[in-house]
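# Summary of the model geometry
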Amino acid sequence: RRRALAGRAALVDTLFPSDTGNLFKVTFVSIVMTLAIIQGVGFVFLAAFLVPDRLEAGEGFAYALWSSLFHSVSAFCNAGFSLYHGNLTAESANTGFLVVVAVLIILGGVGHSVLAELWDLPKTVRRKSRRVRLLTLYTRIVLILTMVLLVSGGVLIYVFGDGAGGYLGHAFFQSVSARTAGFN
């Protein structure tokens, strides 16, 4: 109830870590991770799974690449926007595509501070010779609750929903998407 200022500051640092001393580094890592690594790798994988389907559907190669880039950004930003008439239902049989979109949604949903902490994790482990707490309380809470919500949501959709079509992968995708993104 009444906590000393130092106690409050320690609690805030534990729950909401920030590196205000090196704002440039945090911003740079966030931008590099977001654009070059996560969305870029997502684009490459989406293109690998999407280009053959889009070419088979009679669409051009350039449109297939644009679609891959658009869906990579939309999934990571948890926007839920799609270029297709029925959202992502046209790709419901494309398991690889759905897995990549789900991973992008999850990575975008956990937030930049968690991603930055996970990015620095190998460096922290290598530099420390003694036993250290590797992740902050905030990151551990985010990761554990994300996993619990996604798995329990997938199981519940699989057991009780007819929309999953009896396929556990579709139920998991719906659990991921319904949590933050809104794809169908």
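We now turn to the structure provided with this report.

Rules behind the numbers
- All residue numbers refer to position in the chain's written sequence, counted from 1.
- The predicted origin of the model limits local features to residues at a pLDDT of at least 70 and limits the giving and counting of side-chain atom pairs to 80 or more, whereas totals for whole chains, interfaces and linings rest on all residues.
- The basis for the side-chain values is all heavy atoms of the structure; hydrogens and waters are excluded.
- In this text, helices come from DSSP runs of H or I with a minimum length of four residues, and strands from runs of E with a minimum of two, each type numbered from the N-terminal end.
- Here the term buried applies to any residue with accessible area under 20% of the maximum for its type, exposed to any over 50%, and partly exposed to those in between, with areas from a 1.4 Å probe on protein chains only.
- Residues count as neighbours in contact if any of their non-hydrogen atoms are within 4.5 Å of one another.
- Patch rule: a residue counts if its relative accessible area is over 30% and it has no salt bridge; like charges are joined within 9 Å, and nonpolar side chains (Val, Leu, Ile, Met, Phe, Trp, Tyr) within 5 Å.
- The Shrake-Rupley method, run with a 1.4 Å probe, gives the accessible areas here. Residue values count only the displayed protein chains as cover.
- Take a side-chain nitrogen of Lys or Arg and a carboxyl oxygen of Asp or Glu: if they are within 4 Å of each other, that pair is a salt bridge.
- Definition of nonpolar core: a set of buried residues of the types Ala, Val, Leu, Ile, Met, Phe, Trp, Tyr and Cys, connected through side-chain atoms within 4.5 Å.
- In summary, the pairing rule links any two rings of Phe, Tyr or Trp, Trp by its six-membered ring, whose centres are within 6.5 Å, and it sorts them by plane angle into stacked for under 30 degrees, edge-to-face for over 60 and tilted for everything else.
- What a helix is expected to span follows from its residue count: subtract one and scale by 1.5 Å.
- For the purposes of these results, a polar contact is taken to be a pair of N or O atoms within 3.5 Å, where, inside protein, one atom must be able to donate a hydrogen and its partner to accept one; residues adjacent in sequence count only when each atom of the pair is a side-chain atom.

With that settled, consider the overall build of the protein chain. Secondary structure assignment for the protein chain yields seven helices and zero strands. Ordering the α and β elements of the protein chain from the N terminus gives α-α-α-α-α-α-α. The proportion of buried residues among the 184 residues of the protein chain is 31%. Taking all contacts inside the protein chain whose residues are at least 6 apart in sequence as the whole, residues at least 24 apart take part in 64%.

It is worth spelling out a nonpolar patch on the surface at this point. A cluster of nonpolar side chains, namely Met147, Val151, Val155, Leu156, Tyr158, Val159, Phe160 and Leu168, defines an oily patch on the protein surface of about 820 Å² accessible area. Top contributing element to the nonpolar patch by residue count: helix H6 (residues 137-160), with seven residues. Inspection of the secondary structure puts Leu156 in helix H6.

With that settled, the discussion passes to the nonpolar core. One finds Leu88, Phe97, Val101, Ile105, Phe173 and Phe183 to be the most contacted residues of the largest nonpolar core, which totals 25 residues. Broken down by secondary-structure element, the contributors of at least two residues to this core are helix H2 (23-56), helix H3 (61-76), helix H4 (95-110), helix H5 (112-127), H6 and helix H7 (168-181). No other element matches H4, which puts eight residues into this core. Contact partners of Phe173, with chain neighbours within four places excluded, come to Leu88, Leu98, Val101, Ala102 and Phe183.

In total, this model carries one aromatic pair according to the counting rule given. Measuring from centroid to centroid gives 5.8 Å for Trp66 and Phe70, while their planes differ by 55°, and the two rings are tilted. With a gap of four residues between them, Trp66 and Phe70 both fall in helix H3, about one helical turn apart. On the accessibility criterion, Phe70 (22% relative accessible area) is partly exposed.

Moving on, we come to the pattern of salt bridges. Taken as a whole and assessed by the stated rule, the structure comprises two salt bridges. With its nearest N and O atoms 3.2 Å apart, the salt bridge here joins Arg54 to Glu59. For Glu59, a relative accessible area of 26% gives the class partly exposed. Put simply, Glu91 and Arg54 hold a salt bridge, and the shortest N to O gap is 2.6 Å.

Here H3 is 16 residues long and its end C-alpha atoms lie 23 Å apart, about the 22 Å a rise of 1.5 Å per residue gives. Along H3, the residues classified as buried are Ala64, Ser67, Ser68, His71, Ser72, Ser74, Ala75 and Phe76. Just downstream of H3, Asn78 is the residue with a positive phi angle, here 55°.

Our next topic: the environment of Ala178. The topology assignment puts Ala178 in helix H7. Between the C-alpha atom of Ala178 and that of Leu150, which follows or precedes it by 28 residues, the distance is 9.5 Å.

All right, on to H7 then. Over its 14 residues, H7 extends 19 Å from the first C-alpha to the last, a length consistent with the 20 Å expected when each residue adds 1.5 Å. Of all the residues in H7, the buried ones are Ala171, Phe173, Ser175, Val176, Ser177 and Ala181. Here the buried face of H7 lies against H4 and H6. Gly182 sits one or two positions beyond H7 and adopts a positive phi of about 90°.

Turning to the side chain of Ser175, a few remarks are in order. Counting through the fold element by element, Ser175 comes out in helix H7. In this structure Ser175 comes out as buried when scored by relative accessible area, which is 7%. At 2.9 Å, the side chain of Ser175 forms a polar contact with the backbone oxygen of Leu150. Those residues within four positions of Ser175 in sequence are excluded, and the remaining contacts are Leu149, Leu150, Gly153, Gly154 and Ile157.

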